[in-house]
Amino acid sequence: MKVTSICCLGAGYVGGPTMAMIAAKCPDIRVTVCDMNQGRIDAWNSDELPVYEPGLDEVVRSARGRNLHFTTEIKQSIAEADLIFVSVGTPTKSFGIGAGRAADLRYIEAAARLIAEVSHGNKIIVEKSTIPVKTASAIEAILAANATTEATFQVLSNPEFLAEGTAVRDLESPDRILIGGKPTPEGEAAVEALVSVYANWIPREKIITTNLWSSELSKLVANAFLAQRISSINSISALCEATGADVDEVARAIGTDSRIGPKFLKSSVGFGGSCFQKDLLNLVYLCESFGLPQAADYWRQVIAMNDWQKSRFVEKIVRTLFNTLVGKRIAILGFAFKKDTNDTRESPAIHICRDLLHERAHLAIYDPRVPGETIRADLLEAGVEASIIDEQVEICPDPYAAAESAHALATLTEWDEFRTLDLARIRDLMLKPAFVFDGRAILPHDELQALGFSPFTIGKGD
Ligand code: NAD
Ligand code: UGA
C-alpha cells in the first residue's frame, strides 16, 4: 500500500503544522488540510498564519501550492485521499454523563460519519486527535454501519506529541513516532504504509509500533506524567517558600539524577494549555469508568495541585499588597499559556487575572503575541463581567506602559523578552514599594532586590 494522497480533517494547532511538515518532507505526496472554518482556512492560505510557531512560516511556504493545500472542500478531499488524518478537537464534555471529565467525541463521530458517507475504495483512517482508549472501535463501528459497499477501512492510532512553541522542531526531529494498529495482515499493511510516510525523514528506530489500545492510552499517559512532574515541583515550590530553600536549586539537584532527568521541573504559576488538564480529566474518567477509583483520585490530585498553585499566587499578591487590591494597578506581563505561542487556552493568566479583577484591581496587561480582543474574550468566558473588563482592564503596547504607575508587576508567561527588561526604568515608572511577583522565576531576584524592588519569586524563600 503506497500513500500518494493524504487528507487531514481539522486545520488547528495540530493539523496545520503536522501536515505542513509531512508535505515539506514528502514532496511526492499530495497533502490537503481541510476545515469547515473558512476564516482559519483563509488564514492558512495567507501570509498571516492562524498559528504562531517559530519556523512555521518557512515550512508552510516551502510546500503550499506545491503539494500542500488548505481548503473547505472537505468531502472532495476525503474522496481523493488514501490516508485520512482526523485532527479535530476533543474538548472536555461540559454536560450530561461524565460532564467536566469525559472527552466530548462529537467531532470525532461527525468526522467518521462524513468519511463513511463519501469514501470509496481502501482508506486508512488515522486518529491524530487525543482520544480515550478504545475510540478506534467506535470509529470502526460507525464506518462499518454507514460505509458504501465498495469501501474498506483500516483505523490506526498515531497520537501527536508536539508542544506549542516548539512544534516545528518537535515535528522535524521527534523523540518518537507512535503508531498503533490491528494485528491482522490488513492492519499491519496499513501500519507499514504510515510508517513509510514518516520514514521519509525520521529514522526507523524512532518509529514505535504497538497495538491500537496501547497507542491510544500512551498519549494520555504521556501528558499525565508531564503534568504530574509540574505539579510535583510546584508542590515543592510552596515548601521552598516556607523554608528558605530555592526550588530552582532543588530542581537542578534532583534533575542531575539520570533516573529523574532535568526536564519539566520548572516551577511556575501552574500549567496551562489546551491539553494537560483535559487529558488528565479524561484519564480520571477512564479510571472511574473501569472501576478504579483509587487510580482516578491519584491523577485528580495533579489538577488539584495545579489549581492551588494559581490561587496561592493570587493570595500572595493580595496579602503582600496590605490585603487590599481595590483600585490598585497591577502590571501583568504575559498572557499566553507559555512562551512562543499566541495560544491562551487554559492559560494560568486567565484564572489569575480573573481573581485579581474580583479583588477590584486594575490590570495593565502586556503580551507580545496575544491580541487584546483574545484577552478580553478569555476573561469574559472565565466569568468576568463585561463592565469590569471595560473599566478595569487596559491592554498595553509594551512592558513599560504596563508598569507606569503600577503598585505591582507580575510575570505570568516566561517570554524571553522579559529576561532583558530595563529593570531600573521599570522601577522608576512604578509606585513604591515596587512589588514584583515573578510567577515564572525568570527575573534576577538579587538584582531586583539591589535595585530597590520588593520581589517575590515563585519557589524562593524570603
Ligand atoms: P483546534 O481546536 O485548534 O483545531 C481543531 C479543528 O478541527 C478546528 O479548526 C475545527 O473547526 C476543525 N474541525 C472539527 N470538525 C471537523 C470536521 N468534521 N472536518 C474538518 N474540520 C473539523 O484543536 P488542536 O489544538 O489542533 O487539537 C486537535 C487534537 O489534537 C485534540 O484532540 C488535541 O488534544 C490534540 N493535540 C493537541 C496538541 C496541541 O498542542 N494543541 C498537541 C497534541 C495533540
Ligand atoms: C504538551 C506536551 O508537552 C506535548 O508533548 C503534547 O503533545 C501537548 O501537551 C498536547 O497534547 O497538547 P504544550 O501544552 O503545548 O505540550 O506545552 P508544554 O511545554 O508541555 O507546557 C504546558 C504547560 O506547562 C505550560 O503552561 C508551561 O508553562 C507549563 N510548564 C512546562 C511548567 O510550568 N513547567 C515546566 O517545567 C514545563
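As a starting point, this report considers the structure included with it. Computed from a predicted structure; not experimentally measured. (Residues numbered from 1 in each chain as written. Chains lettered and ligands numbered in written order. Predicted model: local features only at pLDDT ≥ 70, side-chain atom pairs only at ≥ 80, totals over all residues. Heavy atoms only, no water.)

1. Regarding the pairing of strand S7 (residues 177-181)
Phase 1: Counting buried positions along S7 yields 5 of 5 residues, so the element is predominantly enclosed.
Phase 2: Here S7 shows two buried faces, one formed by Ile177, Ile179 and Gly181 and the other by Leu178 and Gly180.
Phase 3: As defined by bridge partners, S7 adjoins strand S8 (residues 207-211) across 5 bridges and the pair is classed as parallel. Directly across from Leu178, in S8, lies its bridge partner Ile208.
Phase 4: Assessed by its sense of winding, the connection that carries the chain from S7 through helix H8 (residues 185-198) to S8 is right-handed. (Buried < 20%, exposed > 50% of the residue type's maximum accessible area, 1.4 Å probe, protein only. Helix = DSSP H or I, 4+ residues; strand = E, 2+ residues; numbered from the N terminus. Pairing = 2+ DSSP bridges. Right-handed = clockwise from strand over helix to strand, strands pointing away.)

2. Section: the site of ligand 1
Phase 1: The environment of ligand 1 is formed by 24 residues, the closest being Asp35, Arg40, Thr90, Glu164 and Lys278.
Phase 2: Contacts to ligand 1 include Tyr13, whose backbone N or O atom sits 3.0 Å from an oxygen atom.
Phase 3: In this structure, an oxygen atom belonging to ligand 1 sits 2.9 Å away from a main-chain N or O atom of Thr130.
Phase 4: Expressed as a share of its isolated accessible area of 830 Å², the protein-covered part of ligand 1 is 89%.
Phase 5: Partitioning the shell around ligand 1 into residue classes produces 9 nonpolar, 8 polar and 7 charged. (Near = heavy atom within 4 Å. Polar contact = N/O pair within 3.5 Å; in protein donor to acceptor, adjacent residues only side chain to side chain. Areas by Shrake-Rupley, 256 points an atom, 1.4 Å probe, with all protein chains shown as cover. Nonpolar A, V, L, I, M, F, W, Y, C, P; charged D, E, K, R; others polar.)

3. Quick look at the site of ligand 2
Phase 1: Lining the immediate surroundings of ligand 2 are 20 residues, of which Phe161, Leu162, Ser268, Cys275 and Arg440 lie closest.
Phase 2: In the model, an oxygen atom of ligand 2 is placed 2.8 Å from a nitrogen or oxygen of the Lys219 side chain.
Phase 3: Within the backbone of Phe337, one N or O atom sits 2.7 Å away from an oxygen atom of ligand 2.
Phase 4: Taken by itself ligand 2 offers 710 Å² of open surface, and the protein chains cover 89% of this.
Phase 5: The dominant element in the shell around ligand 2, judged by the number of residues it contributes, is helix H9 (residues 212-243), at 4 residues.

4. Some remarks on empty space enclosed by the protein
Phase 1: According to the stated counting rule, one finds 1 cavity of 30 Å³ or more in the structure shown.
Phase 2: For the largest cavity, the full set of lining residues is Glu127, Ser129, Thr130, Ile131, Ser157, Asn158, Pro159, Glu216 and Lys219.
Phase 3: Here the residues of the lining of the largest cavity are counted per class, giving 2 nonpolar, 4 polar and 3 charged. (1 Å grid on protein atoms, 1.4 Å probe; cavity = no way out; pocket = protein on both sides within 12 Å on 5 of 7 lines; lining within 4 Å. Points joined across faces, edges and corners; volume = space filled by probe spheres on them.)

5. What to know about the side chain of Ser231
Phase 1: Following the sequence through the fold, Ser231 ends up in helix H9.
Phase 2: Of the polar contacts made by the side chain of Ser231, one reaches the backbone oxygen of Val302; its length is 2.7 Å.
Phase 3: If sequence neighbours within four positions are ignored, Ser231 has contacts with Phe271, Val302, Met305 and Asn306. (Contact = heavy atoms within 4.5 Å.)

6. A few points about the packing of H9 against helix H11 (residues 276-289)
Phase 1: Contact geometry of H9 with H11 gives a least axis separation of 9 Å together with a crossing angle of 115°. The way H9 lies across H11 gives a crossing that is left-handed. Listed contacts from H11 to Leu217, Leu220, Asn223, Ala224, Leu226, Ala227 and Ile230 of H9 are Phe276, Asp279, Leu280, Asn282, Leu283 and Leu286.
Phase 2: A class-by-class count of the residues in the contact of H9 with H11 yields 10 nonpolar, 2 polar and 1 charged. (Axes fitted to C-alpha atoms, helices over the stretch in contact; angles between N-to-C directions. Left-handed = near helix turned anticlockwise from the far one by under 90°.)

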